[in-house]
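# A look at the structure
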Amino acid sequence: MSFGCSEQIEAPEATGTVDIFFDLKEISSDISYLDIVVTDLNDQTILSSKRKFDDLIKIELSPGKYQIGIKSNIYFDLSASNIPKILSGISEEIKVASNSTTSTIVTLSSSSALDNIIIITNSPYNAVPNNPDSAHHNSEAFADALNYLDNQKGGHIIVPKGEFWIKQSIELQEQVSLIGTGRNSSSKPSDLETGSTITLRGLNKNTYKGAIEIKGSVNPNSQRRYINIENLNIRVDDSAESGIYAQYMTHFNIENVNIYGTAVNGLWLSSSFNGTVRSSRIEGKNSSSFDTGVLIEVNADTGLDVFSGQMLFENVDVWHNETGLLVRNATANILAQLIFQKCHFKKNETGVKIEGAKSKTVTFDACHFEGNNSTDIYVEDDVVSGPSISNSYFNNSFSPVLIKLNGKNASVENCEFERFMDTVVEIKGSQNRIIDNIFKPKSDAFNVTGIILEKQSEVNAVNCEFNFIERNTFIKHNQPSYLFECINLQSSAENTLISLQHYDDAIQFGSRVIDNSNSTQYQG
């Protein structure tokens, strides 16, 4: 029989149940998912499904005779030098009757995981771990392996456990995966022995764009597609400008990766789109080691607009950088969607900075901002849309202002701000929405403000227009403290302040309002 990738076909009524058990004698490491393919006796695919691995898997089938094929996800055989494998097997012929249960046992045997797979420590490449003197040899080993895979139109390089020193960057081509055996819980040198690590130590400053480089071009036929980087630690010094540099990379995946060091950037994505970054950490060696943890920009050389696609960051930690995340370019659109979910920005000088970016949607959802020294989120006045910040938690007693909104059409909704000592949201733009948030100053804070509406300069006096501030709760400890203030405004046309809720009495709109006659105020 053959394994197919057909879509699942719904079984009709009056089905029977098949209980699938497994003989797992050859497994020496965990697997997580199984691909199940059911064929009839003419080798036609009846059902194809991915299931989470369990000792017993049940499927429903129409009456008839079948065989069931099983294939596991990639796993690493820990008893055989981290060799990547899959498990596969085929059941005996089974007969399914209506409203009855049939059992079968599938014996799974191991085999090489993938075609065109290179284990970088095997012959003829023979990379050497845990030896800085092997950096030149290891660089040649990776270059030779990548040249081979380029001729094969793609493939996979497996980096076993250990630290592999290199002296020049690794450049990935299309349809190449660089896969380690796992990253560590942190990027500290003392923790590196437990996973797969690539360490760049070059000779001269800024010789390379990245320790790992992906170099596509604006021509659609020259963009770099289907690149996968997984289960790695990447350490980089200032001989490269970043840990990973990607230009015109699309349909990519970066997962379970640590980037650690003293380069200019941790992860540098230039004109790249339609990709994911998951369960990873970008961390400076110490406070402000990377100028920018994650840099997302349109290539300044072309000014090309990237009108479609998205990028998703999920469960990504960005720590100890001058700027945790910088989204920039003043001349072109970046992406239709740039999404950050469950990300953690901690102990950066500035958590997030967005400048000149014309992205249609920049979203922060369920993110955590903590201990950033200057500002958690800073939006420049040339940003015409966004960001959208929702369901996020801010815990910061260091920054004088947590969020600065100098642009237009941003929203802050259902967020909680705790332990702040000064101002939470400073608005110097228009058409922003601040809704359903909770403000909890630090218990010993004095003269704090939840939201400030303020003009940018004497020249631009009327620019805070049509902001909508509704249903925010302010838990106040000391006098004087305010949920809302207007500062030095000649006019704040048509701003809506409604249902301002609080737990303490005597919440004021602020004592420094020059002219707020055009705004609607309702104090809850």
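Every chain is numbered independently, its residues counted from 1 as its sequence is written. At least 70 in pLDDT is required for a residue's local features to be given in this predicted model, at least 80 for side-chain atom pairs to be given and counted, and no such filter applies to totals for whole chains, interfaces and linings, which use all residues. Where side-chain values are given, they derive from all heavy atoms of the structure, hydrogens and water being excluded.

### Some remarks on the overall build of the chain
Scanning the chain for helices and strands turns up one helix and 48 strands. We call a residue buried when its accessible area falls under 20% of the maximum for its residue type, exposed when it is over 50%, and partly exposed in between, using a 1.4 Å probe and counting protein chains only. Expressed as a percentage of the 524 residues in the chain, the buried residues total 53%. Of all intrachain contacts in the chain linking residues separated by at least 6 positions in sequence, the fraction that spans at least 24 positions is 73%. Each accessible area is a Shrake-Rupley estimate made with a 1.4 Å probe; only the visible protein chains count as cover when residues are assessed. Total accessible area computed for the chain in this model is approximately 22,000 Å², and 44% of it derives from carbon and sulfur atoms. Put simply, DSSP marks the helices as runs of H or I at least four residues long and the strands as runs of E at least two long, and each gets a number from the N terminus on. In this analysis, two residues are considered to be in contact whenever any of their non-hydrogen atoms come within 4.5 Å of each other.

### A short note on the packing of aromatic side chains
When the centres of two rings from Phe, Tyr and Trp lie within 6.5 Å, Trp using its six-membered ring, the rings pair. Their planes under 30 degrees apart give stacked, over 60 give edge-to-face, and anything left gives tilted. For the structure shown, the criterion picks out 10 aromatic pairs. With a centroid separation of 4.7 Å and 70° between ring planes, the pair formed by Tyr245 and Trp268 is classed as edge-to-face. With Tyr245 in strand S20 (residues 242-247) and Trp268 in strand S22 (residues 265-270), the pair connects residues that are 23 residues apart, well separated along the chain. A residue is classified by how much of its surface remains accessible, and Tyr245, at 4% relative accessible area, is buried.

### Comments concerning the pairing of strand S29 (residues 337-341)
A pair of strands is labelled paired if DSSP reports no fewer than 2 bridges between them. Of the pairings in the sheet, the one linking strand S26 (residues 310-314) to S29 comprises five bridges and is parallel in character. Note that in S29 the partner of Glu314 across the bridge is Gln341. Bridge count between S29 and strand S32 (residues 362-365): four bridges; the pairing is parallel. Within S32, the position partnered with Ile339 by the bridge is Thr363.

### What to know about the confidence of the model for the chain
The predicted coordinates ought not to be read in detail in places where the model reports low pLDDT. What pLDDT conveys is the predictor's confidence in a given residue, as a value from 0 to 100. Considering every residue of the chain, the mean pLDDT works out to 78; 73% of them sit at 70 or more. Here residues 78-82 scores under 50 on pLDDT; set against residues more than four positions off or in separate chains, the count is eight contacts. Between residues 457-462, whose pLDDT stays under 50, and residues either more than four places distant or in other chains, the model counts five contacts.

### Some thoughts on the nonpolar core
Throughout this description, the term nonpolar core refers to a set of buried Ala, Val, Leu, Ile, Met, Phe, Trp, Tyr and Cys residues connected via side-chain atoms within 4.5 Å. Residues Leu172, Leu267, Phe313, Phe340, Phe364, Ile403 and Phe417 are the most contacted members of the largest nonpolar core, which totals 84 residues. Grouped together as the second largest cluster of nonpolar side chains are 18 residues, Ile20, Leu34, Ile36 and Tyr66 included.

### Quick look at the pairing of strand S23 (residues 273-278)
Here strand S21 (residues 249-261) pairs with S23 via five bridges, running parallel. Along S23, the bridge assignment pairs Phe252 with Gly275. When S23 meets S26, the two strands line up parallel, connected through four bridges. Paired with Gly275 across the bridge in S26 is Met311.

### Brief notes about the sheet that holds strand S4 (residues 56-61)
Paired through their backbone hydrogen bonds, the strands of a sheet run either parallel or antiparallel. Read from one edge to the other, the open sheet built from three strands follows the order S4-S1-S9, with strand pairing classed as mixed. What marks the edges here is a single partner per strand, and that holds for S4 and strand S9 (101-107). Neighbour-to-neighbour, the strand axes of the sheet open up by a mean angle of 30°, direction not taken into account. In terms of strand pairing, strand S1 (residues 16-23) meets S4 through six bridges, oriented antiparallel. Bridge pairing links Phe21 to Leu56 in S4. Lines are fitted to the C-alpha atoms to define the axes, a helix being fitted only along its stretch in contact, and any angle between axes, read from their N-to-C directions, falls within 0 to 180 degrees.

### A few points about unusual backbone geometry
Note on backbone geometry: most residues besides glycine have negative phi, and most peptide bonds are trans. Omega for the bond connecting Ser123 with Pro124 falls within 30 degrees of zero, at 10°, which places this linkage in the cis form. Relative to the helices and strands, Pro124 is located in the loop between strand S11 (117-119) and helix H1 (135-151). The backbone of Asn99 sits at a positive phi, close to 55°, despite the residue not being glycine. By the element assignment, Asn99 lies in the loop between strand S8 (94-96) and S9. Among the residues examined, Asn99 registers a relative accessible area of 70% and is labelled exposed. Within the chain, Asn315 stands out as a residue other than glycine whose phi angle is a positive 55°. With respect to the secondary-structure elements, Asn315 resides in the loop between S26 and strand S27 (317-319). Given the relative accessible area of 37%, Asn315 is considered partly exposed.

### Details of the side chain of Glu426
By the element assignment, Glu426 lies in strand S40 (residues 423-427). For Glu426, a relative accessible area of 11% translates into the label buried. Those residues in contact with Glu426 that lie beyond four places of it in its chain are Val401, Ile403, Lys404, Leu405, Ile452 and Glu454.

### Overview of the pattern of salt bridges
Only one rule defines a salt bridge in this text: a Lys or Arg side-chain nitrogen within 4 Å of an Asp or Glu carboxyl oxygen. Using the criterion set out here, one finds 12 salt bridges in the structure. Among the ionic pairs, Glu163 bridges to Arg235, the shortest N-O distance being 2.8 Å. Highlighted residues: Glu163 in strand S13 (residues 162-166) and Arg235 in strand S19 (residues 228-236), separated in sequence by 72 residues. Since its relative accessible area comes to 12%, Glu163 is described here as buried. A salt bridge links Asp317 to Arg281, with the shortest nitrogen-to-oxygen separation between them at 3.4 Å.

### Here's the deal with a nonpolar patch on the surface
A contiguous nonpolar surface patch, about 260 Å² in accessible area, is contributed by Phe21, Leu56 and Ile105. Note on placement: Phe21 falls in strand S1. Patch building starts from residues that exceed 30% relative accessible area and form no salt bridge, then joins like charges within 9 Å and nonpolar side chains (Val, Leu, Ile, Met, Phe, Trp, Tyr) within 5 Å.

### Examining the environment of Ile90
When you line up the elements, Ile90 lands in strand S7 (residues 83-90). Classification of Ile90 by relative accessible area gives partly exposed; the value is 40%. When the C-alpha atoms of Ile90 and Val38 are compared, they prove to be 9.7 Å apart, with 52 residues separating the residues in sequence.

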